[in-house]
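# Architecture at a glance
This is what each chain is made of:
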Amino acid sequence: MLYLMFSCLGLFAGFMAGLFGIGGGIVMVPVLIYVFSLQGFAPQVLVHTAIGTSLACIVATVISSIYTHHKKAAVNWLMVMQMTPGIAFGSYLGSMTAVFLSGRTLQLGIAVLMLLTAIRMWRDVELSSRYAISKPLLFFVFTVVGWLSAICGISGGTLNVPLLRVMGVQMQRAVASAAALGLPIALVGGVSFVVHGWGNPLLPSHSFGFVYLPAFFGMVVFGALAARWGALLAHRLPAKWLQRCFAVLLILIGCHFLFSGMMTLL
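This text gives an overview of the structure that appears in the document. (Residues numbered from 1 in each chain as written. Predicted model: local features only at pLDDT ≥ 70, side-chain atom pairs only at ≥ 80, totals over all residues. Heavy atoms only, no water.)

## As for the overall build of the chain
Looking only at helices and strands, the chain features ten helices and two strands. Starting at the N terminus and ending at the C terminus, the chain contains elements arranged as α-α-α-α-α-α-α-α-β-β-α-α. Counting all 266 residues of the chain, 55% fall into the buried class. The contacts of the chain with a sequence gap of at least 6 include a subset with a gap of at least 24, amounting to 82%. (Helix = DSSP H or I, 4+ residues; strand = E, 2+ residues; numbered from the N terminus. Buried < 20%, exposed > 50% of the residue type's maximum accessible area, 1.4 Å probe, protein only. Contact = heavy atoms within 4.5 Å.)

## Side note on the environment of Val 47
Looking at where Val 47 falls in the secondary structure, it is placed in helix α3 (residues 43-71). In this structure, the C-alpha to C-alpha distance between Val 47 and Phe 36, residues eleven residues apart in sequence, is 8.7 Å.

## Considering the packing of aromatic side chains
According to the stated counting rule, one finds seven aromatic pairs in the structure shown. Each ring, one from Phe 36 and one from Phe 41, has its centre 4.5 Å from the other, and the planes form 15 degrees; the classification is stacked. You'll find Phe 36 and Phe 41 in the same group, each marked buried. Between Phe 89 and Phe 139, the aromatic rings sit 6.3 Å apart at their centres with planes inclined by 20 degrees, giving stacked as the arrangement. Pair noted here: Phe 89 is in helix α4 (residues 77-100) and Phe 139 is in helix α6 (residues 135-152), with a separation of 50 residues, a long-range link. Using a relative accessible area of 40% as the deciding quantity, one classes Phe 139 as partly exposed. Through pairs of rings, three or more aromatic residues link up here, namely Phe 36, Phe 41 and Tyr 212. (Phe/Tyr/Trp six-rings, centres within 6.5 Å; stacked < 30°, edge-to-face > 60°.)

## A few points about the packing of helix α1 (residues 2-20) against helix α9 (residues 213-234)
For the pair α1 and α9, interaxial distance at closest approach is 5 Å and the crossing angle is 30 degrees. Relative to α9, α1 is oriented roughly parallel. You can see that α1 and α9 cross each other, and the crossing is right-handed. The residue inventory of the contact of α1 with α9, partitioned by class, reads 16 nonpolar, seven polar and no charged. (Axes fitted to C-alpha atoms, helices over the stretch in contact; angles between N-to-C directions. Parallel < 35°, antiparallel > 145°, perpendicular 65-115°, else oblique. Left-handed = near helix turned anticlockwise from the far one by under 90°. Nonpolar A, V, L, I, M, F, W, Y, C, P; charged D, E, K, R; others polar.)

## Considering a positive patch on the surface
There is a patch of like positive charges on the surface, built from Lys 71, Lys 72, Arg 228 and Arg 236. Here Arg 236 lies in the loop between α9 and α10 (239-265). For Arg 236, a relative accessible area of 74% gives the class exposed. (Patch = residues over 30% accessible without salt bridge, like charges linked within 9 Å, V, L, I, M, F, W, Y side chains within 5 Å. Areas by Shrake-Rupley, 256 points an atom, 1.4 Å probe, with all protein chains shown as cover. Salt bridge = Lys/Arg side-chain N within 4 Å of Asp/Glu carboxyl O. Lys, Arg positive; Asp, Glu negative; His and termini not counted. Charge placed at Lys NZ, Arg CZ, Asp CG, Glu CD.)

## A few points about a nonpolar patch on the surface
A grouping of Phe 89, Tyr 92, Leu 93 and Phe 139 is seen on the molecular surface, where their side chains present a nonpolar patch of about 360 Å² in accessible area. Ranked by residue count, the leading element in the nonpolar patch is α4, at three residues. As for its placement among the helices and strands, Leu 93 is situated in helix α4. Overall, Leu 93 belongs to the partly exposed group, its relative accessible area being 32%.

## So, the side chain of Thr 49
Looking at the secondary structure, you find Thr 49 in helix α3. One polar contact links the side chain of Thr 49 to the main-chain carbonyl oxygen of Val 45, over a distance of 2.6 Å. (Polar contact = N/O pair within 3.5 Å; in protein donor to acceptor, adjacent residues only side chain to side chain.)

## With respect to the packing of α6 against helix α7 (residues 157-166)
Running from N to C, α6 and α7 point in directions that differ by 155 degrees, and their axes come no closer than 9 Å. One way to sum up the angle between α6 and α7 is to call them roughly antiparallel. Of the residues in α7, those touching α6 at Val 141, Phe 142, Val 145 and Leu 148 are Leu 159, Asn 160 and Leu 163.

## Section: α9
Its 22 residues give α9 an end-to-end C-alpha distance of 30 Å, which sits within 8% of 32 Å, the value for a rise of 1.5 Å per residue. Remark: the principal bend of α9, roughly 30 degrees, maps to Val 220. Three or more residues of α9 are buried, namely Pro 214, Ala 215, Phe 216, Gly 218, Met 219, Val 220, Gly 223, Ala 226, Ala 227, Gly 230, Ala 231 and Ala 234. (Expected span 1.5 Å × (residues − 1). Bend = angle between axes of the 7 residues up to and from the residue.)

## Topic: α1
Between its first and last C-alpha, α1 extends 27 Å over 19 residues, near the 27 Å set by a 1.5 Å rise per residue. Every buried residue of α1 is accounted for by Phe 6, Ser 7, Leu 9, Gly 10, Ala 13, Gly 14, Met 16, Ala 17, Gly 18, Leu 19 and Phe 20.

The following block contains the structure:
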């Protein structure tokens, strides 16, 4: 029954990854925290294991998503290569931060950011204005994106897609490029969580650092398959519909973080 739950979670998260250019971690992490708590994981490693497992799964889902988007010639590889150093560096810093901090207090700030971004994407669907960003500022911005993403166990698509749209990138190409930018976040963050969790006596059996292998294998096969379906659908939907669906997703995610953050402060 547990493996069936992990498989269904992988299907849903993978589909979201392909459709919106996200890694699916925004779906996986909360569910994994809940499931791991039911399994009796030690509170000291519960959240870290959920984040590490999510990042490891994202590697497979985004590779599948990137392959499909690339076949549609939708990935701006030049832009991706320019942004990758900042993203990778930020992901490393985020994984280091998460080892020492729970990261829960960041949820309120992330929630506000996502809700404001969702409002802009919904009201200004075309986003015709384009903002030029200097290379040093670009490195800093995407370092912050990578840092926040690794802390939360996500691939950064929920932040990268709106950012790319503000920079004037068409919606389908923004989704495709955001998926490609999720790979360095997942790779660097996932490896870091394995290293930092290695040999921790509080981890359950069948753990590879902070990656719980039964959950990883249960989700990764179906997640990679569903990511391809989501990516194909993304290229069939009108840009206006895709952008508004993404805005709704941001609202739901923002409300989730806002509620979780407020609960932890009570």
